[in-house]
Amino acid sequence: VKLLLYLNNSIRNSPFVISHLVRMAITSITLQPIWEGLAEHKWSDEQLAALEVELAKMDFLMDYGFAMRGERAFAIASLEEERRKHTIISATDSGYATNKLSSLMPSAFYYQNELAFARMNQEWILPLVDTNSRIVSPEAMRHVDAAVHAEMKHYSLYKVQALMTIPALDAAAKRFASAQASVDLARVACALERYRL
């Protein structure tokens, strides 16, 4: 458990969402033996106190904004790379493919998509997690889903790449919230077991 907690913390400063999704998987694996030990009353007070300290360091809600700003920077850098090299990288069933027709795209296509992604990230994705109140509002998520669907109805070449990415980031907010809830519940369970002891 200590090793898993250490591994989890070791990638916390990565600015990519995928790193934080890996952390969430590690957290899930870590919490299982903690729950089993609690259910069987196997943890000592000293061990529970140490677990509480380590679990308190996990703040997925605070990490959310850092990861989303990192994704924004990465998306803009990727679009800039595509603009400079005149190749659009797209996912296919067999991996990734480049489209050489992108040499026909004006720079405005890339700049406008960068702007659209930055705006959507700032206005829709970052506000999904309120770090002051420590909540992720389902209503805010419904609002973002509706906004994305509304934007998709009015197709614009200048927003197409941004609109392909935003739904994945919206879904990530739910995973951040779920991971934080699991950690918070584990902390409460540790405190209750310490009280029982």
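Residues numbered from 1 in each chain as written. Predicted model: local features only at pLDDT ≥ 70, side-chain atom pairs only at ≥ 80, totals over all residues. Heavy atoms only, no water.

J.: Describe the pattern of salt bridges, naming the residues involved and giving the relevant values.
T.: Under the definition given, this model contains 12 salt bridges. Two residues, Glu-52 and Arg-194, come together in a salt bridge whose shortest N-O distance is 3.2 Å. With Glu-52 in helix α3 (residues 45–56) and Arg-194 in helix α7 (residues 160–196), the pair connects residues that are 142 residues apart, well separated along the chain. Between Arg-196 and Glu-193 there is a salt bridge whose closest N-O contact spans 3.0 Å. Placement of the pair is Arg-196 and Glu-193 together in helix α7, with a separation of 3 residues, close to one helical turn. For Arg-196, a relative accessible area of 46% gives the class partly exposed. The exposure class assigned to Glu-193 is buried, which follows from its relative accessible area of 6%. Residues joined in a network through salt bridges with shared partners are Arg-12, Arg-23 and Asp-63. (Salt bridge = Lys/Arg side-chain N within 4 Å of Asp/Glu carboxyl O. Helix = DSSP H or I, 4+ residues; strand = E, 2+ residues; numbered from the N terminus. Buried < 20%, exposed > 50% of the residue type's maximum accessible area, 1.4 Å probe, protein only.)

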